[in-house]
Amino acid sequence: MGRSVAQVVAARLGRSLLELGGNNAAIVAPSADLELALRAIVFAAAGTCGQRCTSLRRLIAHRSLADALLERLLAVYKRLPIGDPFDVATLVGPIISEQAAEAMDRALALAREQGGRIHGGGRVASGVPSGGIYVRPAIVEIDAGAPIVQQETFAPILYLIRYDTLEEAIGIQNGVPQGLSSAIFTQDMREAELFCSPAGSDCGIANVNLGTSGAEIGGAFGGEKDTGGGRESGSDAWKNYMRRATNTINYSSDLPLAQGIKFAV
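Reading the values: the criteria
- Residues numbered from 1 in each chain as written.
- Predicted model: local features only at pLDDT ≥ 70, side-chain atom pairs only at ≥ 80, totals over all residues.
- Heavy atoms only, no water.
- Helix = DSSP H or I, 4+ residues; strand = E, 2+ residues; numbered from the N terminus.
- Rg over C-alpha atoms; globule rule 2.2 N^0.38 Å.
- Contact = heavy atoms within 4.5 Å.
- Expected span 1.5 Å × (residues − 1).
- Salt bridge = Lys/Arg side-chain N within 4 Å of Asp/Glu carboxyl O.
- Buried < 20%, exposed > 50% of the residue type's maximum accessible area, 1.4 Å probe, protein only.
- Core = buried A, V, L, I, M, F, W, Y, C linked by side-chain atoms within 4.5 Å.

Asks: What should I look at first to understand the overall build of the chain in this one?
Replies: Within the chain, the regular secondary structure consists of seven helices and nine strands. The globule rule puts the C-alpha radius of gyration for 265 residues at 18 Å, and the 23 Å found for the chain is more than 25% above it. In terms of its C-alpha atoms, the chain occupies a principal-axis envelope of roughly 90 × 50 × 35 Å. Counting contacts in the chain only where the partners sit at least 6 residues apart, residues at least 24 apart contribute 67% of the total.

Asks: Just checking my understanding: could you explain helix H4 (residues 98-113) for this structure?
Replies: The α-helix advances 3.6 residues per turn, and as a result positions three or four apart in sequence lie on the same side. If you check H4, its first and last C-alpha atoms are 23 Å apart, about what 16 residues at 1.5 Å a residue would give, namely 22 Å. A positive backbone phi angle near 95° is found at Gly115, which sits one or two residues after H4.

Asks: Please explain the pattern of salt bridges as it appears in this structure.
Replies: Close approach of charged atoms allows side chains with opposite charge to pair. With the rule as written, the count across this model stands at twelve salt bridges. The shortest N-O distance in the salt bridge between Glu141 and Arg117 comes to 3.6 Å. Residue Glu141 is found in strand S4 (residues 138-141), and its partner Arg117 is found in strand S3 (residues 117-120); the two are separated by 24 residues along the sequence. For Arg117, a relative accessible area of 54% translates into the label exposed. When salt bridges with common partners are traced through the structure, they connect Asp67, Arg117, Glu141 and Arg162 into a single cluster.

Asks: Help me understand the nonpolar core, please; the structure alone is not making it clear to me.
Replies: Counting 59 residues, the largest nonpolar core has Ile27, Val28, Ile41, Leu59, Leu69, Ile142 and Tyr159 as its most contacted members. Here this core takes eight residues from helix H2 (residues 34-46), the largest share from any one element. Non-local contacts of Leu59, meaning those with residues more than four positions away in its chain, are made with Ala26, Val28, Ile41, Leu69, Leu73, Leu158, Tyr159, Leu160 and Ile161.

The structure is reproduced here in structure tokens:
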């Protein structure tokens, strides 16, 4: 859709501000504060039923802590209140449509075919409002090379990928077509600085010790690659919505000419 819009707008030499896919990732390094990371991961992956542009899709965890982190995530996922969003106790509300739920089912089936080990997922049939469509958030242990990881399914699916070196983790994070939001959980200043540098995250948003669904909306919000480019909010966002005009007013009876040209007639 973004490519179609961009072509139509470009045909009249206009400008477009596009926010497209996310497929956001978070890296959990060995030095991470796991209590902080756990809360941030669950909200980013399962909050609003995984239907935010900044929802967490890929969790890239260091091999030394991945199993322990997964165990804790699954324990939290099992007790997440799913149901009526008007109930203040609910943390995971409905998925937007039957088509979205079917897309989640297809993605999980493909993940299983591609070697993924699935935890959770499936429909919630009881204790939900009439007419609503509710799903259980899913975590999928999978290899970074699985094709499904390249796609963003707008649903609460979190792909867990293990890594050994930070360079490998950054490569996995950047190795998808999208580039909206990213995060790293680390207490190592050098890792944080590398992640935020040009050699680190290639996303428009790079957070340290904060989930991908962070509170950065006051900054320049937007992404790179297939995310569309352009920035909403932030100090320069107005440039996307305005056109500049240069006004020159001559109050004298002389005619100044460009580059000091002499043109006597």
